Amino acid sequence: DTAVSQTPKYLVTQMGNDKSIKCEQNLGHDTMYWYKQDSKKFLKIMFSYNNKELIINETVPNRFSPKSPDKAHLNLHINSLELGDSAVYFCASSPWGGISYEQYFGPGTRLTVT
Amino acid sequence: ILNVEQSPQSLHVQEGDSTNFTCSFPSSNFYALHWYRWETAKSPEALFVMTLNGDEKKKGRISATLNTKEGYSYLYIKGSQPEDSATYLCAPLNQGGKLIFGQGTELSVKP
């Protein structure tokens, strides 16, 4: 069984559309994250949720809205897609509490906006 | 925001060579240091999480050290194998609970 899964794996869409990426983890973790891999291949944190509560909200356009229906799921909705949103988006999860817990990453979703 | 620098950016070695990479970061606002291994077309996988100055961790042929006072960590691979080819990412965890990733060191091991 895949520990952290994302759907879809690839997403090609046009500018102005609204799309969602879904993430699910079956590790029983309390904390989930969304990262964006930028054009220089850096992984940058976007959001983090702990047990459905938003705890990290980086400076991203408000067209990006995370939603956590339960602690095993964290979805990313993007409104009015722009060319610059094209990137690979990674979901991750970790246990909550303490500072020595590693993060487990999903396979990534490659978003292409045309 | 932490500035995380990894060197070298890329490295090509022969099978059997030992190698090491450097991760440097501001020593203030630091909680922990993560190392991840990222193979092409896969997701990053955790290698080590270190928190204390002087920490040393080992997993098989791979080991890492941490100096929080001067703000650096070394990753060592002994007797590199082709399956070690990957990008190695370091990421300090800051007091806000955020991992700040470096750009990585891309290792290629030739048979």
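See the structure shown above.
Per-chain numbering applies: the sequence of each chain, read as written, is numbered from 1 onward. Each chain is given a letter, starting from A, and each ligand a number, starting from 1, according to the order in which they appear as written. In keeping with the predicted nature of the model, local features appear solely for residues at pLDDT of at least 70, side-chain atom pairs appear and are counted solely at 80 or more, and the whole-chain, interface and lining totals rest on all residues. Excluded from the side-chain calculations are hydrogens and water; all other atoms, namely the structure's heavy atoms, are used.

Thoughts on the interface of chain B and chain A
The line we're drawing: Two residues form a contact once any of their heavy atoms are found within 4.5 Å. We define buried area as the total accessible area lost by two parts upon association, computed with a 1.4 Å probe and summed across both. Salt bridges are counted wherever a side-chain nitrogen of Lys or Arg sits within 4 Å of a carboxyl oxygen of Asp or Glu. The term polar contact refers here to a pair of N or O atoms within 3.5 Å; inside protein, the definition further demands a hydrogen-donor-capable atom paired with an acceptor-capable atom, and it admits residues adjacent in sequence only when both atoms are side-chain atoms. In DSSP terms, a helix is any run of H or I states spanning at least four residues, a strand is any run of E spanning at least two, and both are numbered starting from the N terminus. Amino acids are sorted into nonpolar (Ala, Val, Leu, Ile, Met, Phe, Trp, Tyr, Cys and Pro), charged (Asp, Glu, Lys and Arg) and polar (every other residue, Gly among them).
Listed as interface residues are 19 residues of chain B and, on the opposing side, 17 residues of chain A. Across the chain B/chain A interface, buried area totals approximately 1,600 Å², and carbon plus sulfur atoms make up 65% of it. Where chain B meets chain A, there are one salt bridge. The salt bridge involving Lys98 of chain B is made with Glu58 of chain A; its shortest N-O contact spans 2.4 Å. At the boundary of chain B with chain A, the tally comes to three residue pairs in polar contact (both at pLDDT 80 or more). With four residues, strand E4 (residues 32–38) of chain B is the largest single contributor of residues to the side of chain B that touches chain A. Taken together, the residues that form the side of chain B that touches chain A break down as 11 nonpolar, seven polar and one charged.

Let's talk about the nonpolar core
Most often, soluble globular proteins keep nonpolar side chains buried together rather than apart. Note the threshold: Residues enter a nonpolar core if they are buried and are Ala, Val, Leu, Ile, Met, Phe, Trp, Tyr or Cys, with the set joined through side-chain atoms within 4.5 Å. Buried residues are those whose accessible area, probed at 1.4 Å on protein chains only, stays under 20% of the maximum for their type, while exposed residues exceed 50% and partly exposed ones sit between those limits.
Residues Leu33, Trp35, Phe48, Leu75, Tyr88 and Leu107 of chain B are the most contacted members of the largest nonpolar core, which totals 23 residues. For this core, the secondary structure elements donating two or more residues are strand E2 (10–14), strand E3 (19–24), E4, strand E5 (45–50), strand E7 (62–67), strand E8 (72–77), strand E9 (86–93) and strand E10 (105–110) of chain B.

With respect to the side chain of His34 of chain B
All names here are of chain B. Mapped onto the elements of the fold, His34 is located in strand E4. With a relative accessible area of 2%, His34 lands in the buried category. Side chain to side chain, His34 and Tyr36 meet in a polar contact 3.0 Å long.

A look at the pairing of strand E7 (residues 64–70) of chain A
All names here are of chain A. Short version of the rule: Two strands qualify as a pair provided DSSP detects at least 2 bridges between them.
When E7 meets strand E8 (residues 73–78), the two strands line up antiparallel, connected through five bridges. Residue pairing for E8: Ser65 is matched across the bridge by His77. Hairpin connection between E7 and E8: a loop of two residues separates the two successive antiparallel strands.

Focus: the environment of Tyr33 of chain A
Residues and elements named next belong to chain A. Examined against the element boundaries, Tyr33 turns out to sit in strand E4 (residues 31–37). For Tyr33, a relative accessible area of 7% puts it in the buried group. C-alpha separation for the pair Tyr33 and Glu82, spaced 49 residues apart in sequence, amounts to 22 Å. Among the polar contacts made by the side chain of Tyr33, one reaches the side chain of Ser94 at a distance of 2.7 Å.

Quick notes on the pattern of salt bridges
Per the stated rule, a full pass over the model turns up eight salt bridges over all chains. Among the ionic contacts, a cluster of salt bridges with common partners joins Arg63, Glu82 and Asp85 of chain A.

A word on the pairing of E4 of chain B
Residues and elements named next belong to chain B. The buried count for E4 comes to seven of seven residues, which makes it a mostly enclosed element. Burial along E4 is two-sided: the residues Ala32, His34, Tyr36 and Trp38 and Leu33, Trp35 and Arg37 are all buried. Both E4 and E9 contribute to a ladder of seven bridges, which runs antiparallel. The residue bridging Ala32 from the neighbouring strand is Leu93, located in E9. Of the strand pairs in this sheet, E4 and E5 are connected by five bridges, and their pairing is antiparallel.

Comments concerning the sheet that holds E2 of chain B
All names here are of chain B. Operational definition: A fitted line through C-alpha atoms serves as each axis, taken over the contacting stretch for helices, and the angle formed by two N-to-C directions is quoted from 0 to 180°.
Here five strands make up an open sheet; going across it, the order is E2-E10-E9-E4-E5 and the pairing mixed. Either end of the sheet is taken by a strand with one partner, and the two such strands are E2 and E5. The average angle at which neighbouring strand axes cross in this sheet is 20°, direction not considered.

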